[in-house]
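Below, each chain spelled out in residue letters.
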Amino acid sequence: MTDATDAGELRRRTAELLAAYPPATTDRLDFLRARFDAGLAWVHFPEGLGGLGAPRSLQPVVDAELAAAGAPDNDPRRIGIGLGMAAPTVLEYGTEEQKRRFLRPLWTGEEVWCQLFSEPGAGSDLAALGTRAVRDGDGEGWVVNGQKVWTSSAHLARWAILIARTDADVPKHRGITYFVCDMTDPGVEVRPLRQITGEAEFNEVFLTDVRIPDAHRLGGIGDGWRVAQTTLNNERVAIGGMRLPREGGMIGPVAKTWRERPELRTPDLHQRLLTLWVEAEAARLTGERLRQQLVAGQPGPEGAGMKLGFARLNQQISGLEVELLGEEGLLYDDWTMRRPELVDFTGRDAGYRYLRSKGNSIEGGTSEVLLNIVAERVLGLPSEPRTDKDVAWKDLSR
Amino acid sequence: MSTQPDLLYSEDEVALRAAVRDLLTDHCDAPGVIARTESGTPHDRSLWKALTEGMGLAGLLVPEERGGQGATHREAAVVLEELGRAAAPVPYLTSAVVATEALLECGNDELLAELASGRTVGALAVALNVAPDGAHRTVRLENGALHGELTGIADAAAADVLLVPADDGGLYAVAADAATVTPQVSLDLTRPVATVVLDGAPGTRLGEAGPAVRRALRAGAGLLASEQLGLADWCLTETVRYLKERKQFNRPVGGFQALKHRLAQLWLEVVNLRAAARNAADALATGSGDTGLAVAVAQAYAAPVAVRAAEEALQLHGGIGMTWEHPVHLYLKRAKADSIAYGTAGRHRAALAELVDLQAP
């Protein structure tokens, strides 16, 4: 087998793929499937599963060649949960059969995935979740009942990664099991969850006697919390490490408005804008430094703070922007209930940005929990006192 | 060629940091620095000798063929991080960076080589608060001799030679012996300022003052951010260490969430400051077209973070932080003075407004 771990070999294989499946004359899905089968989907995945066991840092080599040739991509923003969270978890904990069944259509986007983790009663304290999975009569599978919330793409998804309680008599972290849930099961009911922006980017998912075969369990029974850590760690990797140009984030639109509309300027807004511009640039440089550390193989703890910084900046900058707009700041573009497929924090108008960014300090770990994580894991300060560690889940107060 | 700044530390830079830190651990302890502030010689000459004659650090910015080490602002920034961490009372920023940059612009190789060796300490006779684009005072040139009084000159008391801007637009080298240098009672005990009185002092004209002063102050402002980074990092690290050890209510104080969150927030700001300071040092080192912007961003960000780090350190230390004996006051005084040095954050934001076209109303 040829060594595929260098850039030259990856370019050669990419050229081969392009020759066999010219993008101009190949159906989009056929091309994506062929790319997966050639091991060029995610090169760091194993052979036979869309990869070549090559270093992850070489993926941009393939992506650049394909983009230059006008090849279709798999619309990664539409299938972010599958790519960023489900796939690494299936790869790490799935059986051979599960990997072969799930990864190819996940990567090509033929099957959309969603995540059934948070519950109305289990937000920051996710491990307290109460959705129950019990063995069905013949012991071949599981029956699931409960309610999940903040599920993006649930209305489009074919599959979900799900964590549910399989043992209520042990402390909360130990009684959880991780499953792949079929979203077409008749017991799955998806209801849009309307947000303060007027639209419904997320859903509530009600699970009533949903049947899951045991073959769709990921990892051991009662081992779901550990499996979920893989998912959640990958979520945080996906959030850090992006490369932004100067003014590439939320500061861009407000800087543009400032330049184009001198009549809106006041001395107070000027000082605040410049202060936020400096902070946004410092945060951008931190992101770039983090990226350079990853490329150099020296990951630092800096990534833990990226989301904290961007949440606060997004909120303050968009708040300033609404104020800058004066009379227009009194308006909002559209309150109509809509179901966007893609979420763009900087999309739409200033009012939307202001309202949507309120979620940035809640989703993916609240800023308060993230500050605890930085304090404990980076600075080594003592952990929060725990009163739930040795108590059976069924005896916890709720 | 990459247009991205290199924001990491190279292996050589890491080794340099370790060597400087070792030296400071052995020769610059806090009780000694505190005691020295009230002695007649606030500057530590033996430490300066070890850093310069021993390690050659005064010549980092000077090319080898002109008597220096031929390194760059990136290495000087690493030295400054460590000096900031120790609140070391040595004229490194003022002599090895600011005065040296002025001489590099003027092209006086003899004096430049003397400063690079560290045997001569230089000070630019421009008040410490002046920003790179700011106006500064000059002395009168009359019949070939210099007359006038300048105030707020950092580290002048340690200087052997003063670089003095005169009213003919020239920059003059004046031997410190030929001037009257009087220490001012300074907020920052470890980088004190002084008045310089020239009463018919002889001076050697080095060149045009304008570009030399601008260049010197720009490098000073940019690399001060690295010193502020070291200072802020000391405040954070020392406070975290103390709060793990200090017990009240039968538990380590560092376990209280209100304090954990404040320290985590400070950590985040120090992380951002590191990126901004590395960006400025790299821009100065590579002569990037973005240097003015990188320096303005670094200074506008660094000053408030360093002050906050020192203020948080003091508050979170409780009563002990308010004592003369504990070193946190050295850092608070340095951080507050640094927030004025080479232009306040507000001055740098104003410079930025021009550079990135975010014009005032």
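Not measured: the values here are computed from a predicted model.

1. Let's talk about the overall build of chain B
Within chain B, the secondary structure is distributed over 11 helices and 10 strands. By the compact-globule yardstick of 21 Å for 361 residues, chain B fits well, its C-alpha radius of gyration being 20 Å. Reported as C-alpha extents along the three principal axes, the dimensions of chain B are approximately 75 × 50 × 45 Å. Looking at the 361 residues of chain B, the share that counts as buried comes to 57%. Of all intrachain contacts in chain B linking residues separated by at least 6 positions in sequence, the fraction that spans at least 24 positions is 75%.

2. Here's the deal with the overall build of chain A
Within chain A, the secondary structure is distributed over 11 helices and eight strands. What you see for chain A is a C-alpha radius of gyration of 23 Å, in line with the 21 Å of a compact globule of 398 residues. On the principal axes, the C-alpha backbone points of chain A span a range of 75 × 60 × 45 Å. Looking at chain A residue by residue over its 398 residues, the buried ones come to 40%. Counting contacts in chain A only where the partners sit at least 6 residues apart, residues at least 24 apart contribute 70% of the total.

3. Things to note about the domain arrangement of chain A
Here chain A is partitioned into domain 1 (7-73), domain 2 (113-222) and domain 3 (228-378). When each unit is reduced to the centre of its C-alpha atoms, the spacing between domain 1 of chain A and domain 2 of chain A is 34 Å.

4. A closer look at the nonpolar core
By size, the foremost hydrophobic cluster in this structure holds 168 residues, and its most contacted members are B:Ala102, B:Leu162, B:Ala276, B:Ala302 and B:Tyr331. If you tally residues by element for this core, the top one is helix α7 (residues 209-245) of chain B, at 18 residues. Other than its neighbours up to four places away in sequence, B:Ala276 contacts A:Ala282, A:Leu285, B:Ala225, B:Val297, B:Ala298, B:Tyr301 and B:Ala302.

5. Digging into the pairing of strand β3 (residues 145-154) of chain B
Residues and elements named next belong to chain B. Across three bridges, the pairing between strand β2 (residues 140-142) and β3 is antiparallel. From the neighbouring strand, Arg140 faces β3, where its bridge partner is His147. Counted between consecutive antiparallel strands, the loop separating β2 from β3 contains two residues, among which Asn143 sits at a positive phi close to 50°.

6. Some thoughts on the interface of chain A and chain B
Opposite the 35 residues of chain A that make contact, chain B presents 33 residues. Elements with a contribution of two residues or more to the side of chain A that touches chain B: α7 (251-260), α8 (267-295), α9 (303-324) and α11 (367-378) of chain A. Taken together, the residues that form the side of chain A that touches chain B break down as 19 nonpolar, nine polar and seven charged.

7. Notes on the environment of A:Arg211
All names here are of chain A. Tracing the backbone shows Arg211 in strand β7 (residues 202-213). Exposure remark for Arg211: the 16 C-beta atoms within 10 Å place this residue in the partly exposed category. Arg211 has contacts with Asp136, Gly141, Val143 and Asp185, leaving out every residue within four places of it along the chain.

8. Here we look at unusual backbone geometry
Residues and elements named next belong to chain A. The backbone phi angle of Trp150 is positive, close to 60°, even though this residue is not glycine. For Trp150, the location among the structural elements is in strand β3 (residues 141-152). For Trp150, a count of 22 C-beta atoms within 10 Å translates into the label buried. The phi dihedral of Ser153 falls on the positive side, at around 65°, and the residue is not glycine. C-beta crowding within 10 Å serves as the criterion here: with 22 such atoms nearby, Ser153 is assigned to the buried category.

9. A look at the packing of α7(B) against helix α10 (residues 328-338) of chain B
Each pair of packed helices gets described by two things: the angle between the helix axes and the distance between those axes. All names here are of chain B. Two numbers describe how α7 lies on α10: the axes approach to 11 Å, and their chain directions differ by 150°. Put simply, α7 runs roughly antiparallel to α10. α7 and α10 meet at a crossing whose hand is left-handed. Where α7 abuts α10, its residues Leu224, Gln228, Leu231, Trp234 and Cys235 lie against Tyr331, Arg334, Ala335 and Asp338. For the contact of α7 with α10, the class distribution of residues is six nonpolar, one polar and two charged.

10. Observations regarding the environment of A:Phe206
All names here are of chain A. With respect to the helices and strands, the residue Phe206 is situated in strand β7. Remark: the alpha-carbon pair of Phe206 and Lys148, spanning 58 residues in sequence, is separated by 6.4 Å. Residues within four places of Phe206 in sequence aside, it is in contact with Gln147 and Glu189.

11. A word on the pairing of strand β5 (residues 170-175) of chain B
If a strand is regular, its side chains alternate between the two faces of the sheet. Counting buried positions along β5(B) yields five of six residues, so the element is predominantly enclosed. Where strand β4 (residues 161-165) of chain B folds back onto β5(B) in an antiparallel hairpin, the turn is made up of four residues, including B:Gly169, whose phi is positive at roughly 85°.

12. Notes on α7(A)
Residue and element names in this part refer to chain A. Among the residues of α7, those classed as buried are Ile251, Val254, Ala255 and Trp258. For α7, the angular spread of the buried residues around the axis is 100°, confining them to a single face. Along α7, exposed side chains directed more than 90 degrees from the buried face belong to Lys256 and Glu260. Contacts made by the buried residues of α7 are with α8 and α9.

13. Looking at the packing of helix α2 (residues 28-37) of chain A against helix α5 (residues 96-108) of chain A
Residues and elements named next belong to chain A. Where α2 meets α5, the closest approach of the two axes is 9 Å, and the angle between their N-to-C directions is 130°. In terms of their interaxial angle, α2 and α5 are classed as oblique. As α2 runs across α5, the sense of the crossing is right-handed. From α2, Leu29, Leu32, Arg33 and Phe36 reach across to α5, where they touch Arg104, Trp107 and Thr108. Of the residues assigned to the contact of α2 with α5, the class counts are four nonpolar, one polar and two charged.

The rules behind the values
- Residues numbered from 1 in each chain as written.
- Chains lettered and ligands numbered in written order.
- Predicted model: local features only at pLDDT ≥ 70, side-chain atom pairs only at ≥ 80, totals over all residues.
- Helix = DSSP H or I, 4+ residues; strand = E, 2+ residues; numbered from the N terminus.
- Rg over C-alpha atoms; globule rule 2.2 N^0.38 Å.
- Buried ≥ 20, exposed ≤ 12 C-beta atoms within 10 Å, placed from the backbone.
- Contact = placed C-beta atoms within 7 Å.
- Domains from an automatic or database assignment.
- Core = buried A, V, L, I, M, F, W, Y, C linked by C-beta atoms within 7 Å.
- Pairing = 2+ DSSP bridges.
- Nonpolar A, V, L, I, M, F, W, Y, C, P; charged D, E, K, R; others polar.
- Axes fitted to C-alpha atoms, helices over the stretch in contact; angles between N-to-C directions.
- Parallel < 35°, antiparallel > 145°, perpendicular 65-115°, else oblique.
- Left-handed = near helix turned anticlockwise from the far one by under 90°.
- Arc of directions from axis to C-beta.

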